[in-house]
Amino acid sequence: AQSVTQLGSHVSVSEGALVLLRCNYSSSVPPYLFWYVQYPNQGLQLLLKYTTGATLVKGINGFEAEFKKSETSFHLTKPSAHMSDAAEYFCAVSGPSGGYNKLIFGAGTRLAVHP
Amino acid sequence: KAGVTQTPRYLIKTRGQQVTLSCSPISGHRSVSWYQQTPGQGLQFLFEYFSETQRNKGNFPGRFSGRQFSNSRSEMNVSTLELGDSALYLCASSLEQVGPQDTQYFGPGTRLTVL
């Protein structure tokens, strides 16, 4: 069975500081990994995804994530936080065993950015 | 191109009632998935429809059902509502979702409150 663990339900950073949101996955087959962002009273927006190929994935709004198979991790980073990055972030996994359309989400990490 | 639309945005029901939520996918998208989001259980996959057929389903009781019409619009129904059904219900659409390269686009959700 596939699962996702996000370390830290709340992360707080200063504007301009590095953002690091942690995600570890469990999957018996090569996973497909995703990061979504949710702003208040809105749906989910895809930031980036890893399917195959290059393990460093670049997404929107300056975010990137690196797939590390040996560590079963897919951490999300951004070099310099902006106030507009404050939101909830979800890591998700899917794969052929459960269905590509069936996203298994982590519990989410709420990111706060302070001046 | 218009995004995924969900109606209504907010809904209040009482225990024992039933409710129907609607989702209109992005034009040209044929796959529609539904997710439930609660503070306690997080984001959970309900089911996915493609070409009017349920193609995948999550672990929810039979009180939760759905359908898809020939124009790809989808509805989900919850019968005999329970307090625990209070949640944000998110709909996502994609072209065909036969692989991870096909991105799921989420709507803003319907906030259901059961009293």
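Computed from a prediction, not measured in an experiment: that's the story for all the values here. (Residues numbered from 1 in each chain as written. Chains lettered and ligands numbered in written order. Predicted model: local features only at pLDDT ≥ 70, side-chain atom pairs only at ≥ 80, totals over all residues. Heavy atoms only, no water.)

This part is about the pairing of strand E8 (residues 73–78) of chain A. Residues and elements named next belong to chain A. With five of six residues buried, E8 lies mostly within the body of the structure. Bridge count for strand E7 (residues 64–68) against E8 is five bridges, and the pairing is antiparallel. Among the inter-strand pairings, Ala 65 is bridged to a residue of E8, identified as Leu 76. Count of turn residues in the E7/E8 antiparallel hairpin: four residues, of which Thr 72 carries a positive phi of about 45°. (Buried < 20%, exposed > 50% of the residue type's maximum accessible area, 1.4 Å probe, protein only. Helix = DSSP H or I, 4+ residues; strand = E, 2+ residues; numbered from the N terminus. Pairing = 2+ DSSP bridges.)

Moving on: the side chain of Asn 77 of chain B. Here Asn 77 of chain B is to be found in strand E8 (residues 74–78). Side chain to side chain, Asn 77 of chain B and Thr 20 of chain B meet in a polar contact 3.0 Å long. (Polar contact = N/O pair within 3.5 Å; in protein donor to acceptor, adjacent residues only side chain to side chain.)

Before going further, it helps to examine the interface of chain A and chain B. Chain A puts 19 residues into the contact, and the matching count from chain B is 25 residues. Carbon and sulfur atoms make up 54% of the surface buried where chain A meets chain B, a total of about 1700 Å² over both sides. The largest per-residue losses of area from chain A upon contact with chain B belong to Leu 44, Tyr 100 and Asn 101 of chain A, which jointly make up 35% of the total buried on that side. Inspection of the chain A/chain B interface yields four residue pairs in polar contact (both at pLDDT 80 or more). Among the elements of the structure, strand E4 (32–38), strand E5 (44–50) and strand E10 (99–105) of chain A are those that each provide at least two residues to the side of chain A that touches chain B. Looking at the side of chain A that touches chain B, the element that brings in the most residues is E10 of chain A, giving six residues. Partitioned by chemical class, the residues of the side of chain A that touches chain B number nine nonpolar, eight polar and two charged. (Contact = heavy atoms within 4.5 Å. Buried area = accessible area lost by both parts, 1.4 Å probe. Nonpolar A, V, L, I, M, F, W, Y, C, P; charged D, E, K, R; others polar.)

A separate point is the state of the cysteines. Residue and element names in this part refer to chain B. Enumeration according to the criterion identifies two disulfides over all chains in this entry. Between the sulfur atoms of Cys 23 and its disulfide partner Cys 91 the distance amounts to 1.7 Å. For the disulfide bridge between Cys 23 and Cys 91, the dihedral angle about the S-S bond is near -55°, and by the sign convention the bridge is left-handed. A residue pair is termed long-range when its members are at least 10 positions apart, and Cys 23 in strand E3 (residues 19–24) and Cys 91 in strand E9 (residues 87–94) qualify at 68 residues. (Disulfide = S-S within 2.5 Å.)

Attention now goes to the nonpolar core. Of all hydrophobic cores here, the largest spans 26 residues; its most connected members are Trp 35, Leu 47, Leu 48, Phe 74, Leu 76 and Tyr 89 of chain A. Elements represented by at least two residues in this core include exactly strand E2 (10–14), strand E3 (19–26), E4, E5, E7, E8, strand E9 (87–95) and strand E11 (109–114) of chain A. Among residues more than four places away in sequence, those in contact with Leu 48 of chain A are Leu 33, Phe 34, Trp 35, Val 57, Lys 58, Gly 59, Phe 63, Glu 64, Ala 65, Phe 74 and Leu 76 of chain A. Listed in part, the 21 residues of the second largest apolar core include Phe 47, Phe 60, Val 78 and Ala 87 of chain B. (Core = buried A, V, L, I, M, F, W, Y, C linked by side-chain atoms within 4.5 Å.)

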